[in-house]
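Inside the fold
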Amino acid sequence: MRASFVFSEVITGLRRNITMTVAMILTTAISLGLLGGGLLIVRMIDKMQLIYSDKVQVMVSLTDDISANDKNCSTSICADLQRQLQGSSNVETVTFQNRDQSFQRFQQLFQAEPELLRLTRPESLPATLQVKLTDPSKADALVKAFTGKPGVKTVDDQGVFLQRFFGILDSVRYATFLIALVQAAAAVLLISNTIQVSAFTRRVEVGIMRLVGATRWYTQLPFLIEAVVAGIIGSILGIVGLGAAKVFFLDSALSGPIASGVLPRLDLLDVVAISPILVGVAAVISAITGYVTLRLYVRL
Amino acid sequence: MTKVYKTSTRPALDNVSVEMGKGEFVFLIGPSGSGKSTFLRLLLREEVPSKGRVYVSNFDVAKMARRRVPRLRQSIGCVFQDFRLLPTKTVAENVAFALEVIGKPRHTIQKVVPEVLQLVGLDGKADRMPTELSGGEQQRVAIARAFVNRPLVLIADEPTGNLDPDTSQDIMLLLERINRTGTTVLMATHDHSIVDSMRRRVVELDHGKVIRDDARGVYGVGR
Ligand SMILES: Nc1ncnc2c1ncn2[C@@H]1O[C@H](COP(=O)(O)OP(=O)(O)OP(=O)(O)O)[C@@H](O)[C@H]1O
Ligand SMILES: [Mg+2]
C-alpha cells in the first residue's frame, strides 16, 4: 500500500468537504474540551484530598469567656478538656489556638476578601482546640462526646464541610461529563454524516477503484483516516482551548483561594498530563465511528 | 448460467452456456435489453448468477469469497461506453490510478504508464486533463488504464457507442493490437459495421438466450 497515495486522498477528502470538516472538528474540540475539564476537576479533587487529608480536624470552639481570657489554655476547664481529648481513642494530637492565632489564620485564609477582613473583629472568633484524628471518618463519636461539655461552645467536624464541598465538585464534574457526552454524541453523528457525504461525493472514484481491483480496505482507508485526522485535530484544538481557559480565565478567577492555599493550583502540566487521554479518546472514537459507518451505511 | 434480477420476473440471462479460449476475440451482440451487460457484470462479479457457475481463468467467480474478488478484477480490464475517467486527474494520473489503488510500487508505475500511453498512441498527451481530449482519445485513456496491469481478459461494453465511425475504427485497431499480445478480448456492441469488418467470433443474445455462436460471424442480416 502506498502511503503517499492514501495521504493525498485524505487531504483531498478533507478539503472537498470543508464546511462539514470544520463543523466536525469544532464539535469534537468542544466535546473533548469538556471531557478534559472534567478530568481536570478529578485531578483537582485528588490534589485537594492530598492537601486536606492531613488537615481534617475536629474543631472544639470554646466559650466566649475562655476565648477572651485564656491565652494558653491554662484555666482548669480548658486544660481538662485538652486532657480528656488527648485521652480519647482515635485522637492523634490536640493543639490549642487562642483568639489572636485564630484571627491570624482567618486573615491568611481570606486575604483575597478585604471586605470580609474589614468587617471581622478578633472578638468574633473563638479560641479553639484543634483535634487531629487517626481516622477522620469516625469523627462522629468525638463530636457527640464533647458537645455540651462545660467550656465548649460548639464542636465542628470539618470533614463534614469538606465532604459537602467535595460533593459540589463531584456534581460539577458529573455535569461536565454529561455535557461532554452529549457533545460527543453530536460529534459522532457528524463524523458519520461527513463520511457518508464524503463517500457519496467520491462514489465515481471509488467505483473505478473497485473495478480495477482495489481491496475494500484500500478504498475505505482514506475515509477512515479522514475521520481520525479530523478527530485528532479536534482534540488538539480542545486541549489548546483548555490551556487558554486555564491561563486567561481560571487563574484570575481562582487566584484568591489558590493563594491562600484553600484550592490547589492547576498547572499547565496538568493539562499536558491529560492531553494523551483526550487525543487517544478522539482517535479511538472517530476510528470506531468511521468503521461502523463504512460497514453499515456505505456500500462501496 | 441464469440471472434473474430481484426486481424482475423475466430472466436477464436464461441458461446461457458459453466458453471462450485464452487469446480469443469475441463479440457479444444482441438487441437492447438482451442481457449483454448482465453477462459482462457476471464475469466481473458485480452480480452473482441465480443459477449456474462462472469461471474466469482459475477463478470460480460465483463461488469465490468476497475478499478475493479484487484479485479477480485485477486480472480483468474493463472499458465502458462512458469512459469513466476521473475528471480531476491528468491522463497519466488516470492510468497510474489503476496501479496505485492495487498497491503497485512507484518505480513500476513510473515505468509502465508511459509505455502503455505510447501503446495506445497518447504519448505527448500525458499531462492533459480528460476534458481537453476528444472522445476517441478519452477512450484510449480508458483502454490504457484497463490494459496497464496486463490483464488476462479485456472486457469492453459498447466501447465505441459514443464515437463516430472513423474513431471507432481506430479504437478497434487498438483492441486488436491488445488482443495480439495474448489478451482475451470480449466486446459487447451494437455496431454492425465493426462486427462485419472484423470477422471474429460472434455470440448473439436475444431475451437472455444464446441464439447464435459463429466462429467468423457478421452482425446478421435483416437488421
Ligand atoms: N440492476 C438491474 N436490476 C433489474 N433489472 C435489470 C438490471 N440491470 C438490467 N436489468 C434488466 O435485465 C435485462 C438485460 O439488461 P442488460 O443491461 O444486460 O441488457 P443489454 O443487452 O446490455 O442492453 P443494452 O444494449 O441496452 O445495453 C433488461 O431487461 C434489463 O431491464
Ligand atoms: Mg448494456
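Criteria and cut-off values
- Residues numbered from 1 in each chain as written.
- Chains lettered and ligands numbered in written order.
- Predicted model: local features only at pLDDT ≥ 70, side-chain atom pairs only at ≥ 80, totals over all residues.
- Heavy atoms only, no water.
- Helix = DSSP H or I, 4+ residues; strand = E, 2+ residues; numbered from the N terminus.
- Rg over C-alpha atoms; globule rule 2.2 N^0.38 Å.
- Buried < 20%, exposed > 50% of the residue type's maximum accessible area, 1.4 Å probe, protein only.
- Contact = heavy atoms within 4.5 Å.
- Areas by Shrake-Rupley, 256 points an atom, 1.4 Å probe, with all protein chains shown as cover.
- Lys, Arg positive; Asp, Glu negative; His and termini not counted.
- Charge placed at Lys NZ, Arg CZ, Asp CG, Glu CD.
- Phe/Tyr/Trp six-rings, centres within 6.5 Å; stacked < 30°, edge-to-face > 60°.
- Lys NZ or Arg CZ within 6 Å of the ring centre and 35° of its normal.
- Expected span 1.5 Å × (residues − 1).
- Bend = angle between axes of the 7 residues up to and from the residue.
- Pairing = 2+ DSSP bridges.
- Axes fitted to C-alpha atoms, helices over the stretch in contact; angles between N-to-C directions.
- Salt bridge = Lys/Arg side-chain N within 4 Å of Asp/Glu carboxyl O.
- Polar contact = N/O pair within 3.5 Å; in protein donor to acceptor, adjacent residues only side chain to side chain.
- 1 Å grid on protein atoms, 1.4 Å probe; cavity = no way out; pocket = protein on both sides within 12 Å on 5 of 7 lines; lining within 4 Å.
- Points joined across faces, edges and corners; volume = space filled by probe spheres on them.
- Near = heavy atom within 4 Å.
- Nonpolar A, V, L, I, M, F, W, Y, C, P; charged D, E, K, R; others polar.
- UniProt positions renumbered as here; feature names shortened; annotations may be inferred.
- Parallel < 35°, antiparallel > 145°, perpendicular 65-115°, else oblique.
- Left-handed = near helix turned anticlockwise from the far one by under 90°.

1. Observations regarding the overall build of chain B
For chain B, the helix and strand inventory stands at seven helices and eight strands. The C-alpha radius of gyration of chain B comes to 17 Å, within 12% of the 17 Å expected for a compact globule of 223 residues. Each principal axis of the C-alpha distribution contributes one length, and for chain B these read about 45 × 45 × 30 Å. Out of the 223 residues belonging to chain B, those deemed buried represent 52%. Taking contacts inside chain B between residues at least 6 apart in sequence as the whole, the part at least 24 apart equals 68%. Accessible area for chain B stands at about 10,600 Å²; split by element, carbon and sulfur atoms hold 47% of it. For chain B, the distance from the average site of its 34 positive side-chain charges to the average site of its 26 negative ones is 8 Å.

2. Section: the packing of aromatic side chains
Scanning the model with the defined rule gives one aromatic pair over all chains in all. Positioned above the aromatic ring of Phe 80 of chain B, the side-chain terminus of Arg 84 of chain B is 3.8 Å from the ring centre.

3. As for helix 10 (residues 216-253) of chain A
With 38 residues, helix 10 of chain A should reach 56 Å at 1.5 Å per residue; the first-to-last C-alpha distance of 53 Å fits that figure. Taken as a whole, helix 10 of chain A carries its principal kink of about 40 degrees at Lys 246 of chain A.

4. Some details on the sheet that holds strand 7 (residues 201-206) of chain B
Residues and elements named next belong to chain B. As summarised here, the arrangement of the six strands in space is 4-5-6-1-7-8, forming an open sheet in which the pairing is mixed. Edge positions in the sheet fall to strand 4 (76-80) and strand 8 (209-214), since each has one partner strand and no second. For this sheet the average axis-to-axis angle between neighbouring strands, irrespective of direction, equals 15 degrees. As paired elements, strand 1 (residues 25-29) and strand 7 share four bridges and run parallel to each other. Bridged to Leu 28 within strand 7 is Val 203.

5. Here we look at the sheet that holds strand 2 (residues 91-97) of chain A
Residues and elements named next belong to chain A. Read from one edge to the other, the open sheet built from four strands follows the order 2-3-1-4, with strand pairing classed as antiparallel. Each edge of the open sheet carries a strand with a single partner, namely strand 2 and strand 4 (152-157). Across the sheet, the mean angle from the axis of one strand to that of its neighbour is 15 degrees, orientation sign disregarded. Across six bridges, the pairing between strand 2 and strand 3 (residues 128-133) is antiparallel. By the bridge assignment for strand 3, Val 94 is matched with Val 131. Of the strands in this sheet, strand 2 and strand 3 touch helix 5 (residues 99-109), which is tilted by about 95 degrees from strand 2. Sheet strands in contact with helix 7 (residues 139-146) are strand 1 (57-62), strand 2, strand 3 and strand 4, and its direction is about 170 degrees off that of strand 4.

6. Digging into the interface of chain A and chain B
Contacts between chain A and chain B engage 17 residues on the former and 23 residues on the latter. Run the count over chain A and chain B and you get zero salt bridges. Our enumeration of links across chain A and chain B arrives at three residue pairs in polar contact (both at pLDDT 80 or more). Those elements that place two or more of their residues in the side of chain A that touches chain B are helix 1 (3-16), helix 9 (203-211) and helix 10 of chain A.

7. A short note on the pairing of strand 8 of chain B
Residues and elements named next belong to chain B. Note: strand 7 against strand 8, five bridges, orientation antiparallel. In the sheet register, Asp 206 faces strand 8, and the bridge partner there is Lys 209. Following strand 7, the chain reverses through two residues before pairing antiparallel with strand 8; His 207 in that reversal takes a positive phi of roughly 45 degrees.

8. Notes on empty space enclosed by the protein
Taken as a whole, this structure holds three cavities of 30 Å³ or more when the rule is applied. Approximately 150 Å³ is the volume attributed to the largest cavity. In terms of lining, the largest cavity is formed by 15 residues, of which the most central are Val 212 of chain A together with Ile 76, Gly 77, Arg 145 and Ala 146 of chain B. Counting residues per element, the lining of the largest cavity draws most heavily on strand 4 of chain B, at four residues. Surrounding the second largest cavity, Met 44, Lys 246, Leu 250, Asp 251, Leu 254, Ile 258, Leu 263, Pro 264, Arg 265 and Leu 266 of chain A form its lining.

9. Quick look at the site of ligand 1
All names here are of chain B. With respect to spatial proximity, 15 residues lie near ligand 1, and among them Ser 32, Gly 33, Lys 36, Ser 37 and Thr 38 are the closest. Glu 158 has a polar side-chain atom sitting 3.3 Å from an oxygen atom of ligand 1. Separating an oxygen atom of ligand 1 from a side-chain N or O atom of His 190 is a distance of 3.0 Å. When isolated, ligand 1 has an accessible area of 630 Å², and the protein chains bury 65% of it. A class-by-class count of the residues in the shell around ligand 1 yields three nonpolar, eight polar and four charged.

10. Focus on the UniProt feature "transmembrane region" (unreviewed entry) in chain A
Residue and element names in this part refer to chain A. Summarizing the sequence annotation, UniProt attributes the feature "transmembrane region" (unreviewed entry) to residues 20-42, 174-197, 217-240 and 272-294 in the numbering used throughout. Annotation note: span residues 174-197, helix share 100%, strand share 0%, distance between end C-alpha atoms 34 Å. Between the C-alpha atoms that bound residues 217-240 there is a distance of 34 Å. The span itself is 100% helix and 0% strand.

11. Overview of the packing of helix 1 of chain A against helix 10 of chain A
Residues and elements named next belong to chain A. Axis separation between helix 1 and helix 10 bottoms out at 9 Å; the angle between their running directions is 55 degrees. One way to sum up the angle between helix 1 and helix 10 is to call them oblique. Crossing handedness for the pair helix 1 and helix 10: right-handed. For the pair helix 1 and helix 10, the contacting residues are Phe 5, Val 6, Glu 9, Val 10, Gly 13 and Leu 14 in the first and Tyr 218, Leu 221, Pro 222, Ile 225, Glu 226 and Val 229 in the second.

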